[in-house]
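Chain by chain, the residues:
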Amino acid sequence: MPHFTVVPVKDRAESRYDSLEGINWVDYRDTGQDYPDHQDTVSSDGHGNHKEDSPFLNSADAASKRNDFYDRNLALFEEELDIRPKVSSLLSRLVNYTNITQGAKEHEEEESAEASRRKTPKSPNMGTLMGVYLPCLQNIFGVILFLRLTWIVGMAGIIQSLLIVLMCCSCTMLTAISMSAIATNGVVPAGGAYFMISRSLGPEFGGAVGLCFYLGTTFASAMYILGAIEIFLKYLVPQAAIFHASDSAMLNNMRVYGSICLSLMAVVVFVGVKYVNKLASLFLACVIISIVSIYAGAMKSMTHPPEFPICMLGNRTLVRDRFDVCAKTVIKGNITVPSQLWDMFCLPGNMSSTQCDDYFIQNNVTEIQGIPGLGSGIIRENLWSDYVQKGEILEKAGLQSVDAHGALENFGMYVSADIATSFTLLVGIFFPSATGIMAGSNRSGDLRDAQKSIPVGTILAITTTSLVYLTSVFLFGACIEGVVLRDKFGDAVRNNLVVGTLSWPSPWVIVIGSFFSTVGAGLQSLTGAPRLLQAIAKDNIIPFLRVFGHGKANGEPTWALLLTGLIAELGILIASLDMVAPILSMFFLMCYLFVNLACAVQTLLRTPNWRPRFKYYHWALSFLGMSMCLALMFISSWYYAIVAMGIAGMIYKYIEYQGAEKEWGDGIRGLSLSAARYALLRLEAGPPHTKNWRPQLLVLLKLDEDLHVKYPRLLTFASQLKAGKGLTIVGSVIQGNFLDSYGEMQAAEQAIKNMMEIERVKGFCQVMVASKVREGIVHLIQSCGLGGMKHNTVVMGWPYGWRQSEDPRAWKTFINTVRCTTAAHLALMVPKNVSFYPSNHERFTDGNIDVWWIVHDGGMLMLLPFLLKQHKVWRKCRMRIFTVAQMDDNSIQMKKDLATFLYQLRIEAEVEVVEMHDSDISAYTYERTLMMEQRSQMLRQMRLSTAERQREAQLVKDRHSLVRMGSLYSDEEEEVVEAPPEKVQMTWTREKCEAERRNRNNAPENFRELMSLKPDQSNVRRMHTAVKLNEVIVNRSHDARLVLLNMPGPPRNTDGDENCILCQYEQSKGHSA
């Protein structure tokens, strides 16, 4: 009885997104040993978590397993451990909490050789709380909550602020639903959104959106750094400012300190992510403590609101740190003296009102409470919006004020708006505070059950943060005075952080907590962005990013970190949090848009591999999320949206141009197939209209013995005629058996595709194996194309050397193709002298394209030069149209009619009418016609074998032949030569003997009749017309770049095939057609 040993094996590097979920790599090996006790084995619970079936452990690591077993049995039942963990385990996990993206921990371990030696395969063990919920919570909560949410509430009012929060959070919630469906459809490696989009929508979309996501993450690090520097310079150490007393002083301070902070953070990330890892729990604690202090302060304000008085002059808000007492005068020793505020608006030491600012004299100074508290009813004043323009002074609507002109030099005493505000601007500034939902999907490899943890943890985190934002908007509007809310930097409350004035027990809790949380978020962005760029570079879909796929020996992305630092420095140089936030909003919104699109496309296509474990999704929700993302992009900033889409479009076209040779089973291919199927079914609905007719080509190529294209200029002609429009099928026939020639067929197909790429022919290739070449060509003509997308024109080369060939197949293949094309009601184009056809790199600066319109063909001869002139080779050539008039035709009227016809066709061409007069039939014409008829009569009368018939027919051929040239498919068809006659015993009867004697006696008489044969006058006239027409064409078009003319159709009687090819030769001799 065979035994199987279950051995844990490391995950293979190739099993990324396309690996099947729920399958662990297991080594089933027949050890050939006999185990006496089969119960003491290791079993699996189906999720990769091994558990012991017996308490008796006999392995080498028995001590550690025994401790693990005893640790498990501290619970009443072993199953309770998953839902009721021990307090010690919970605390240990909280201490070991990390927010570093997947792959960073491996880099950290590889830095130590000792750790590498001790590293053993370990199954992922992170749950929903530590692996998804807390990382998402920390990434979503950020600088906007602490620095800008109060200002947004003050400007937009409670109602519009709730609308802004609801729009942004709804967008991220719908995206999280789509992301959960994609993430639970397979394993998501490091790279998160990039891998989801690229494996769902293909390398073009993946590369474009992946780079946008990378730029968004990079600019997010710049935004966090700017937020940290704003807290540092405004609220922590204002004395550290380098530049003072200037409009751009604050911006320059931000640039200097921001660049220093970015450099320090980049050094920390370069030295090792383990330091960022160790501080992750501290950053998370800062975020949670800061939010809890806000709620505690709001609750406390119901009974004991904090003391933060605001000084108002009339209804205008004053900068509080410029003076000590909020009054015009103060009493010192029973003497009324001017206050510091008086000295600011009047001449110092002078109590005369004539030397004061008019607005200051006519309005009273009052002091109001900055934090009235939750029960004050201030919420009624903060319900509606109060948008301001740049430089506008913040005013309280309820206070009395006398409108008077104030001095311009006193403008700095008032709190004013630094930027113009609007609803759309606030949407762009707030949206970054809703991002960060990808943190869980980025860590799927570290999760115990990613299929369950990612959806639950992400949706719970978004729900939690949405509730926090919505309640914060309500609490800010219900507790804080409106002018304080609109004061972005807290100038009215002595340069305190506005949200800090509400917190309990001290504003420093918020200031310090927000500073460390923003620093931590910046470090995490600087850690994640280079790894995302490295993941894109390693996929090798964008060639110029290949260098960023390399790094240190342990895999740290050094070059990617350098580029990330340079791009983040651009954001630092902007030096305005309010200007950087909309930029990263664009990139994140574009990323979320394509996540929704990927889910919708996969759902609608119902691809076989689309089997997400998360079932609560729908394509309508994905389309709604995609529409919301697009709407938010243009609501926030339409010009930023256009720039972001332009960047993504250029990257998409670059990847498409470079030809990303990646096949990830993406949904775009499935979408293309569905669209193609729909279009083909629509084409089947009815025949195409004449206006939509264009040549859809089937190009028949001949291959040499090495399977190379013999006449590549046929493809050049097709390329110049089509210019990438319509259908082009390139076909060829290989003689042989399909079973034996399959490899040869594939080689020929690849050779044709290579030549098509060289000649820039956009189309399809089809190589057919047939026992006879003629049969293969017939099959191509019948079967090429699909549905309504079929060819209507056949292009084949002229059979060179047919007159010199002893093999009749040289012209029979050609005539048979002509007959089949005519029977199929297809157009036929036969280029002659195609070897002299110009290449795609040539340019004709002058010359003519001559069209000899001899037979009415529906206007196709007129269309061909027009299509050719669309190509740059023929663009500067002129078009001339010749038509032939007989003796009884009115040539002047014909010219007018033809010019009118061309005018209606909207074709510019020069029109000429050629008159052909009757003349005596030349001896050459009579001789050629006689030869043609003698040959046909001889072949009918002589009863010889096939080989002998060919030899006798050759006696009547023209002796003055040219050098033999290769013909179309002439040397590829199987030989039809009869074997030498064998001696056969026959029984002669009297009837057979008399018939044989009569045949022998009549043979000389038949030959004499053949030599005295006179040609038919109609045949002589046809040959005369062909010869004379050829002379006229040579005379009039000898200097033309290209000559196009009609070719006579094949006769209905197959006996005239040989005569037909001769007439066609005489007509087209010396021309390119």
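These figures come from a predicted structure and were not determined experimentally.

Chemist: Looking at this model, I keep getting lost on the overall build of the protein. Mind explaining?
Modeler: Helix and strand counts for the protein come out as 35 helices and 18 strands. Looking at the protein as a whole, 48% of its 1073 residues qualify as buried. Within the protein, contacts between residues separated by at least 24 positions form 81% of all contacts whose residues are at least 6 apart in sequence. On the protein, roughly 54,000 Å² of surface is accessible, and the fraction owed to carbon and sulfur atoms is 57%.

Chemist: Whenever I open this one, the state of the cysteines confuses me. Can you help?
Modeler: One covalent bond between the sulfur atoms of two cysteine residues makes up a disulfide. Throughout the structure, instances matching the rule amount to two disulfides. The partner cysteine of Cys311 in its disulfide is Cys326, sulfur to sulfur 2.0 Å. When the S-S torsion is 85°, as for the bridge of Cys311 with Cys326, the disulfide is right-handed. Within this pair, whereas Cys311 is found in strand S5 (residues 309-313), its partner Cys326 is found in the loop between strand S6 (316-317) and strand S7 (329-332), the two being separated by 15 residues in sequence. Residue Cys311 shares its accessibility class with Cys326, and that shared class is buried. Through a disulfide, Cys346 is tied to Cys356; the S-S separation comes to 1.7 Å. Classification of the bridge connecting Cys346 and Cys356 rests on its S-S torsion, roughly 120°, and on that basis the disulfide is right-handed. Of this pair, Cys346 sits in the loop between helix H12 (340-345) and helix H13 (358-362) while Cys356 sits in the loop between H12 and H13, and the two are ten residues apart along the sequence. There is no split in this pair, since Cys346 and Cys356 are both buried. If you count the bonded cysteines of the protein from the N-terminus, they pair up as 1-2, 3-4. Looking at Cys212, it has no disulfide partner, and the nearest cysteine sulfur is the one in Cys591, 8.6 Å off. Of the residues examined, Cys212 reaches a relative accessible area of 0% and is grouped as buried.

Chemist: I'm lost on the sheet that holds strand S10 (residues 697-700) in this one. Help?
Modeler: Remark on secondary structure: sheet strands pair via backbone hydrogen bonds, oriented parallel or antiparallel. Across the sheet, five strands lie side by side as S12-S11-S10-S13-S14; this open sheet has parallel pairing. Each end of this open sheet is capped by a strand with a single partner; those strands are strand S12 (764-770) and strand S14 (827-829). When the angles between neighbouring strand axes are averaged without regard to direction, this sheet yields 25°. Bridging between S10 and strand S11 (residues 728-735) involves four bridges; their strand directions are parallel. In the sheet register, Leu697 faces S11, and the bridge partner there is Thr728.

Chemist: Just to check I follow, could you spell out the sheet that holds S5 for this structure?
Modeler: The strand order across the open sheet formed by three strands is S6-S5-S9, and the pairing between neighbours is antiparallel. Both outer strands of the open sheet, S6 and strand S9 (365-369), are each paired with one neighbouring strand and no more. Here S5 runs beside S9; their pairing, made up of five bridges, is antiparallel. Pairing of Leu313 across the sheet is with Val365, part of S9.

Chemist: When you look at helix H25 (residues 713-722) in this model, what are you seeing that I'm missing?
Modeler: One turn of the α-helix equals 3.6 residues, which is why residues spaced by three or four share an orientation. Where burial is concerned, most of H25 is hidden: nine out of the ten residues are buried. Looking at the buried residues of H25, the elements they touch are S10, S11, helix H26 (738-758), strand S13 (793-795), S14 and helix H29 (860-868).

Chemist: When you look at the packing of helix H19 (residues 507-538) against helix H20 (residues 558-574) in this model, what are you seeing that I'm missing?
Modeler: When two helices pack together, their arrangement is captured by the angle between the axes and the distance separating the axes. The contact between H19 and H20 brings their axes to 8 Å, and the two run at 120°. In terms of orientation, H19 and H20 fall into the oblique class. Here H19 and H20 pass one another in a crossing that is right-handed. Mapping the contact onto sequence places Leu526, Ala529, Pro530 and Leu533 in H19 and Ala560, Leu561, Leu563 and Thr564 in H20. Looking at the contact of H19 with H20 residue by residue, the class counts come to seven nonpolar, one polar and no charged.

Chemist: Got a minute to help me understand the side chain of Asn596 in this structure?
Modeler: On the secondary structure map, Asn596 appears in helix H21 (residues 577-605). Residue Asn596 is classed as buried on the basis of its relative accessible area, which comes to 0%. A distance of 2.9 Å separates the side chain of Asn596 from the backbone oxygen of Tyr592, its partner in a polar contact.

Chemist: I keep staring at the nonpolar core and nothing clicks. Help me out?
Modeler: If you look at soluble globular proteins, the nonpolar side chains tend to sit buried side by side. By size, the foremost hydrophobic cluster in this structure holds 169 residues, and its most contacted members are Met223, Phe430, Met438, Tyr469, Phe476, Ile480 and Phe594. In this structure, Leu700, Leu714, Ile752 and Ile881 belong to the second largest nonpolar core, which totals 69 residues.

Chemist: When you look at the pattern of salt bridges in this model, what are you seeing that I'm missing?
Modeler: Working definition: two side chains of opposite charge can pair if their charged atoms are close together. Under the counting rule described, the total for this entry stands at 15 salt bridges. With a closest N to O distance of 3.0 Å, Lys488 and Asp418 form a salt bridge. A residue pair is termed long-range when its members are at least 10 positions apart, and Lys488 in the loop between helix H17 (482-485) and helix H18 (498-502) and Asp418 in the loop between S9 and helix H14 (423-430) qualify at 70 residues. With relative accessibility at 31%, the residue Asp418 sits in the partly exposed group. Among the salt bridges present, the one from Asp578 reaches Lys488, with a minimum N-O distance of 2.4 Å. Remark: Lys488 occurs in the loop between H17 and H18 and Asp578 occurs in helix H21; sequence separation between them is 90 residues. Of the two residues, Asp578 and Lys488, both sit in the buried class. By sharing partners, the salt bridges in this structure join Arg148, Glu230, Asp418, Lys488 and Asp578 into a single network.

Chemist: Explanation requested: the pairing of strand S8 (residues 335-338) in the structure shown.
Modeler: Look at any regular strand and the pattern is simple: side chains alternate between the two faces of the sheet. Two strands pair when backbone bridges link them, and S7 and S8 are joined in this way by four bridges, in the antiparallel orientation. In the sheet register, Lys332 faces S8, and the bridge partner there is Ile335. As consecutive antiparallel partners, S7 and S8 are separated by two residues, and within that stretch Gly333 has a phi angle of approximately 60°, a positive value.

Chemist: Got a minute to help me understand unusual backbone geometry in this structure?
Modeler: As a rule of thumb, non-glycine residues mostly have phi less than zero, and peptide bonds are mostly trans rather than cis. For the bond from Trp504 to Pro505, the omega torsion is 10°, close enough to zero to count as cis. Structurally, Pro505 is set in the loop between H18 and H19. With a phi close to 60°, Arg494 is a non-glycine residue in the positive phi region. By secondary structure assignment, the location of Arg494 is in the loop between H17 and H18. Looking at Arg494, the relative accessible area reads 43%, which means it is partly exposed. With phi around 65°, Ala575 is a residue other than glycine that occupies positive phi space. As for its placement among the helices and strands, Ala575 is situated in the loop between H20 and H21.

Chemist: When you look at H19 in this model, what are you seeing that I'm missing?
Modeler: Taking 1.5 Å per residue as the helical rise, H19 with its 32 residues ought to reach 46 Å, and the 47 Å between its terminal C-alpha atoms agrees with that figure. With respect to burial, H19 is a largely interior element, 26 of its 32 residues being buried. Count one or two residues on from H19 and you reach Asn540, which has phi positive near 60°.

Chemist: Can you help me understand the packing of aromatic side chains in this one?
Modeler: Remark: the centre distance and the inter-plane angle together describe each pair of aromatic rings, the angle taken between the planes. Evaluated as defined, the whole model comprises 28 aromatic pairs. When the ring of Phe717 is compared with that of Tyr837, the centres are 5.6 Å apart and the planes differ by 85°; the resulting orientation is edge-to-face. Of this pair, Phe717 sits in helix H25 while Tyr837 sits in the loop between S14 and strand S15 (848-853), and the two are 120 residues apart along the sequence. For Tyr837, a relative accessible area of 9% puts it in the buried group. Joined through ring pairs, the aromatic side chains of Trp342, Phe345, Tyr359, Phe360 and Tyr414 make up one cluster. If you follow Lys234 out to its NZ or CZ, it ends over the ring of Phe489, 4.6 Å from the centre. Arg316 extends its terminal NZ or CZ atom over the ring of Tyr359, reaching a point 3.8 Å from the ring centre.

Chemist: Explain a positive patch on the surface here, please?
Modeler: Residues Arg760, Arg843, Lys872 and Arg875 make up a contiguous surface patch of positive charge. Turning to its location among the elements, Arg875 is positioned in the loop between H29 and strand S16 (878-885).

Chemist: Mind showing me how you'd approach a nonpolar patch on the surface here?
Modeler: A contiguous nonpolar patch, built from Leu630, Phe634, Trp638, Tyr639, Ile642 and Met645 and spanning about 610 Å² of accessible area, is present on the exposed surface. Only helix H22 (619-636) and helix H23 (638-658) provide two or more residues apiece to the nonpolar patch. Take the nonpolar patch: its biggest share by element is four residues, from H23. In this structure, Met645 sits in helix H23.

Chemist: Would you mind going over the environment of Ala434 with me for this structure?
Modeler: In this structure, Ala434 sits in the loop between H14 and helix H15 (439-442). The sequence separation of Ala434 and Ile462 amounts to 28 residues, and the corresponding C-alpha distance is 8.1 Å. Beyond its immediate sequence surroundings of up to four residues, Ala434 is in contact with Ile140, Cys168 and Thr172.

Procedures and definitions
Residues numbered from 1 in each chain as written. Predicted model: local features only at pLDDT ≥ 70, side-chain atom pairs only at ≥ 80, totals over all residues. Heavy atoms only, no water. Helix = DSSP H or I, 4+ residues; strand = E, 2+ residues; numbered from the N terminus. Buried < 20%, exposed > 50% of the residue type's maximum accessible area, 1.4 Å probe, protein only. Contact = heavy atoms within 4.5 Å. Areas by Shrake-Rupley, 256 points an atom, 1.4 Å probe, with all protein chains shown as cover. Disulfide = S-S within 2.5 Å. Pairing = 2+ DSSP bridges. Axes fitted to C-alpha atoms, helices over the stretch in contact; angles between N-to-C directions. Parallel < 35°, antiparallel > 145°, perpendicular 65-115°, else oblique. Left-handed = near helix turned anticlockwise from the far one by under 90°. Nonpolar A, V, L, I, M, F, W, Y, C, P; charged D, E, K, R; others polar. Polar contact = N/O pair within 3.5 Å; in protein donor to acceptor, adjacent residues only side chain to side chain. Core = buried A, V, L, I, M, F, W, Y, C linked by side-chain atoms within 4.5 Å. Salt bridge = Lys/Arg side-chain N within 4 Å of Asp/Glu carboxyl O. Expected span 1.5 Å × (residues − 1). Phe/Tyr/Trp six-rings, centres within 6.5 Å; stacked < 30°, edge-to-face > 60°. Lys NZ or Arg CZ within 6 Å of the ring centre and 35° of its normal. Patch = residues over 30% accessible without salt bridge, like charges linked within 9 Å, V, L, I, M, F, W, Y side chains within 5 Å. Lys, Arg positive; Asp, Glu negative; His and termini not counted. Charge placed at Lys NZ, Arg CZ, Asp CG, Glu CD.

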